[in-house]
Every structure is written in C-alpha cells, then in structure tokens.
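The primary structure of each chain is shown beneath.
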Amino acid sequence: MVKTFQQYLPERARTYSCVHCRAHLASHDELISKSFQGSQGRAYLFNSVVNVACGQAEERVLLTGLHAVADIFCECCKTPLGWKYEHAFESSQKYKEGKYIIELAHMIKENKWD
C-alpha cells in the first residue's frame, strides 16, 4: 500500500520528514532555529510546515514564559510532533507567533544533505 501525502516538497530540496511514516514536514529553507527544547529533547523552530494538523490552542507556561500553543500532529500517521505558537504574552516572544516547533525525536532529514 502506498501512502499519498497531502503535500510533497520539491525533490531537490533538503527536507525534514516524519520519522514514523516519512511524510514531508518542512523544508530546510523554513528552519528558523535549532535552539529549542521540547518535552522529548531538542526541537527546531520552523516558519511553515506541511502535512500537519493542529489541535486546540491552550495556554502553557514554557521555558520562555506564558504562551498559547496548539499541539501539532502528522496528518498521515497522527503522531504528535510538537506545537504551534498561537500567541505570545511577552513582547520579546512575539516573533514565535504562527511558528512551529517539531521535536527531533519525530523527524528525519531527507534529500541532498551531503
């Protein structure tokens, strides 16, 4: 059985994919920072992602303060991946609004990383 992803990233692009089902998640060009921490270790901040579904936003106190975040899941295999920043309550954190965190434990690098 072949899985059909909702969106494929260009073949020549360096991509991050779901480690569980290999659905494309983000292009390396959308990577903002590698300096984030998730519940399962290191995490990356992305400007945009694909093949991801969002849960309901809720307020959480994270390492950098209070944020409204929504958990994100792989649309293909339903694995929890990280979260989306919906709202930052502190002005120094506003740059995160609308951005996505994906934990390294749930993604793999694919295409042209040599």
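You'll find the chain entered in an unreviewed UniProt entry as Protein yippee-like, with Polypedilum vanderplanki given as the organism. According to the UniProt record, the Sequence similarities (unreviewed entry) comment for the chain reads "Belongs to the yippee family."

1. A look at the UniProt feature "domain: Yippee" (unreviewed entry) in the chain
Under the UniProt annotation, the feature "domain: Yippee" (unreviewed entry) is placed at residues 14–111. Annotation note: span residues 14–111, helix share 0%, strand share 61%, distance between end C-alpha atoms 5 Å.

2. Digging into unusual backbone geometry
Phi is positive for Arg22, which is not a glycine, with a value near 70 degrees. With respect to the helices and strands, the residue Arg22 is situated in the loop between strand E1 (15–18) and strand E2 (24–27). Using a relative accessible area of 41% as the deciding quantity, one classes Arg22 as partly exposed.

3. Side note on the nonpolar core
Residues Leu25, Phe46, Val49, Leu81, Ile102 and Met107 are the most contacted members of the largest nonpolar core, which totals 17 residues. Apart from residues no more than four positions distant in its own chain, Val49 is found in contact with Leu25, Ala26, Tyr100 and Ile102.

4. A closer look at the sheet that holds strand E9 (residues 107–110)
An order of E2-E1-E9 is seen for the three strands of this open sheet, with the pairing classed as antiparallel. The open sheet has two edge strands, E2 and E9, and neither has a second partner. Adjacent strand axes in the sheet meet at a mean angle of 30 degrees, parallel and antiparallel pairs treated alike.

Definitions and cut-offs
Residues numbered from 1 in each chain as written. Predicted model: local features only at pLDDT ≥ 70, side-chain atom pairs only at ≥ 80, totals over all residues. Heavy atoms only, no water. UniProt positions renumbered as here; feature names shortened; annotations may be inferred. Helix = DSSP H or I, 4+ residues; strand = E, 2+ residues; numbered from the N terminus. Buried < 20%, exposed > 50% of the residue type's maximum accessible area, 1.4 Å probe, protein only. Core = buried A, V, L, I, M, F, W, Y, C linked by side-chain atoms within 4.5 Å. Contact = heavy atoms within 4.5 Å. Pairing = 2+ DSSP bridges. Axes fitted to C-alpha atoms, helices over the stretch in contact; angles between N-to-C directions.

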